[in-house]
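Fold and contact review
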Amino acid sequence: MTIADEVLDALSDGRGVVALESTILAHGLPRPDNRRIGAQIEDAVRACGAVPATVAVLDGVVHVGLEPDALDRLCESDDVLKLSVRDIGVAMALGRTGATTVASTAALAHLAGIRVFATGGLGGVHRGAAQTFDVSADLGVLSRTPVLTVCAGVKSILDVAGTLEYLETLSVPVLGYRTDAFPGFYLTDSGYPVPWRVDTPQEAAAVLLARDRLGADSAGIVLANPLPQDRQVDPVLHDQLVAEGLQALADEGVTGKDVTPRLLELFHERSGGESLRANVELVLANARLAGEVAVAAADVAAGRG
Ligand code: PSU
Ligand code: MN
């Protein structure tokens, strides 16, 4: 594993570090906007005084913290794989290049000693999972990886209630940030409540540190950060996009790891830019909040808080 010098320095000085996934860049956002957004996400973390560590596998080597030319490559080339946890060892052995999902980013961030992670939306239980068994590996990894993940909930293409039940089964705590409602990614409120609410980065950091004291094998934490009501996608447009998207997937016979990227692509094509606008805003807001939580946790750990 190659950890960028800047990330190593921050970790050894006890400063805040935020891991960032690369699947959202390579497979979740359209080109060429993805490259600019990737830089904005890193800048949002830096603006809080934390150091960003975008994770990817380049020619078989795990990288935690990417140089600009590595980000260029992930955002521009066609041969970037989508790597979940089970794929990392294979990509390493075969010298392949790929972007990491929430699951693999969280796992690698933990190995590197990073405790806070920002993403857009978590993978979850897909609709019809009782037949297809399609449950994202993100959930299982969070249940055994002590990293706090800031996200805007899960997309409504998923079974939101099923995902929340599964997180409960896996003993992953879910915290709403300044909300009692689990966010619905493009929507402020998914219609389901969150079990816990925190109102400051310091409270979220305190949960992380309390969890640490329980032992290293405890689960991760989900910090769910909603878009403000006036920035969400119009719910009528949203419901129409979900219905159309699910139908298109069925018509095209898309399954497995291609489901999420294809749906995001359909949304971006059919929403006249609205889904992309909301996606970018929520990712940047999550990066900022993760930066604030990472700094707050580092301050408490170093006796500065
Ligand atoms: N949600 C998004 N954009 C994304 C993803 C999720 O809004 O790009 C990506 C994340 O990397 C997540 C992955 O970990 O999709 C989940 O894929 P799957 O459902 O195949 O596990
Ligand atoms: Mn899946």
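In this numbering scheme, every chain counts its residues from 1 along its sequence in written order. Numbering of ligands from 1 and lettering of chains from A proceed in the order in which they are written. With the structure being a predicted model, the display of local features is reserved for residues of pLDDT at least 70 and the display and counting of side-chain atom pairs for 80 or more, all residues being used for whole-chain, interface and lining totals. Derived side-chain values reflect all non-hydrogen atoms in the structure, with water molecules and hydrogen atoms excluded from consideration.

**Re helix H5 (residues 85-94)**
Categorising residues by exposure relies on relative accessible area from a 1.4 Å probe, with only protein chains included: less than 20% of the type maximum marks a residue as buried, more than 50% marks it as exposed, and the intermediate range marks it as partly exposed. Runs of E in the DSSP output that reach at least two residues are strands. Runs of H or I that reach at least four are helices, and both are numbered from the N terminus. Those residues of H5 that fall on the buried side of the exposure criterion are Asp87, Ile88 and Ala91. Burial along H5 is one-sided: seen end-on, the buried residues are contained in an arc of 115°. Exposed side of H5, more than 90 degrees from the buried face: Arg86 and Ala93 are the residues found there. Buried residues in H5 make contact with strand E3 (51-58), strand E4 (61-64), strand E5 (81-83) and helix H6 (102-112). Following H5 by one or two positions, Gly95 adopts a phi angle in the positive range, close to 70°. Comment: arc refers to directions from the helix axis out to C-beta atoms. Here, residues are in contact when the closest pair of their heavy atoms is within 4.5 Å.

**Re a negative patch on the surface**
Negative charge collects at one region of the surface, where Asp5, Asp9, Glu67 and Asp69 lie side by side. Checked against the element boundaries, Asp69 lands in helix H4 (residues 68-76). Patches here are clusters of residues that have more than 30% relative accessible area and form no salt bridge, with a 9 Å joining cutoff for like charges and a 5 Å cutoff for nonpolar side chains (Val, Leu, Ile, Met, Phe, Trp, Tyr). In this description, accessible areas are obtained by the Shrake-Rupley approach with a 1.4 Å probe, and a residue is regarded as covered only by the protein chains that are shown. Take a side-chain nitrogen of Lys or Arg and a carboxyl oxygen of Asp or Glu: if they are within 4 Å of each other, that pair is a salt bridge. Positive residues here are Lys and Arg, negative ones are Asp and Glu, while His and the chain termini are left out of the count. Lys charges are placed at NZ, Arg charges at CZ, Asp charges at CG and Glu charges at CD.

**Topic: the pairing of strand E8 (residues 148-151)**
Along E8, one buried face is formed by Leu148 and Val150 and the opposite face, lined by Thr149 and Cys151, is buried too. In the sheet, strand E7 (residues 116-118) pairs with E8 via three bridges, with the strands oriented parallel. In the sheet register, Val116 faces E8, and the bridge partner there is Leu148. Two strands pair under a simple rule: DSSP has to find at least two bridges between them. The pairing of E8 with strand E13 (residues 221-224) spans four bridges and is classified as parallel. By the bridge assignment, Thr149 is partnered in E13 with Val222.

**Digging into the pattern of salt bridges**
Summed over the entire model, instances satisfying the criterion amount to 17 salt bridges. One salt bridge in this structure joins Asp87 and Arg86, with 3.8 Å as the shortest N-O distance. Note that Glu281 is salt-bridged to Arg277, the shortest N-O span being 3.2 Å. Separated by four residues within a single helix, Glu281 and Arg277 lie in helix H13 (residues 274-301), roughly one turn from each other. Judged by its relative accessible area of 23%, Arg277 is partly exposed. Residues joined by salt bridges that share partners form a network here, namely Arg231, Glu274, Arg277 and Glu281.

**Here's the deal with the site of ligand 1**
For each residue, the test is whether any non-hydrogen atom lies within 4 Å of the molecule or strand; if one does, the residue is near. As a structural note, the neighbourhood of ligand 1 is formed by 16 residues, with Glu21, Val102, Ser136, Asp138 and Lys155 the closest of them. With respect to ligand 1, the side chain of Lys82 contributes an N or O atom lying 2.9 Å from an oxygen atom. Contacts to ligand 1 include Ser136, whose side-chain N or O atom sits 2.7 Å from an oxygen atom. Here ligand 1 has 470 Å² of accessible area as a free molecule, and 93% of this is covered by the chains. Here ligand 1 is seated within the largest pocket. Secondary structure elements with two or more residues in the shell around ligand 1: helix H2 (23-28) and helix H12 (259-270). A per-element tally of the shell around ligand 1 places H2 first, with three residues. Two N or O atoms count as a polar contact when they lie within 3.5 Å, although within protein this holds only if one can serve as hydrogen donor and the other as acceptor, and sequence-adjacent residues are included solely when both atoms are side-chain atoms. A cavity, in this analysis, means grid points on a 1 Å lattice covering only the protein atoms where a 1.4 Å probe fits yet has no way out; a pocket is instead an open set bounded by protein on both sides within 12 Å along at least five of seven lines, and a residue lines either one if it has an atom within 4 Å of a point. More than half of a molecule's atoms lying within 2 Å of a cavity's or pocket's grid points is what places that molecule inside it.

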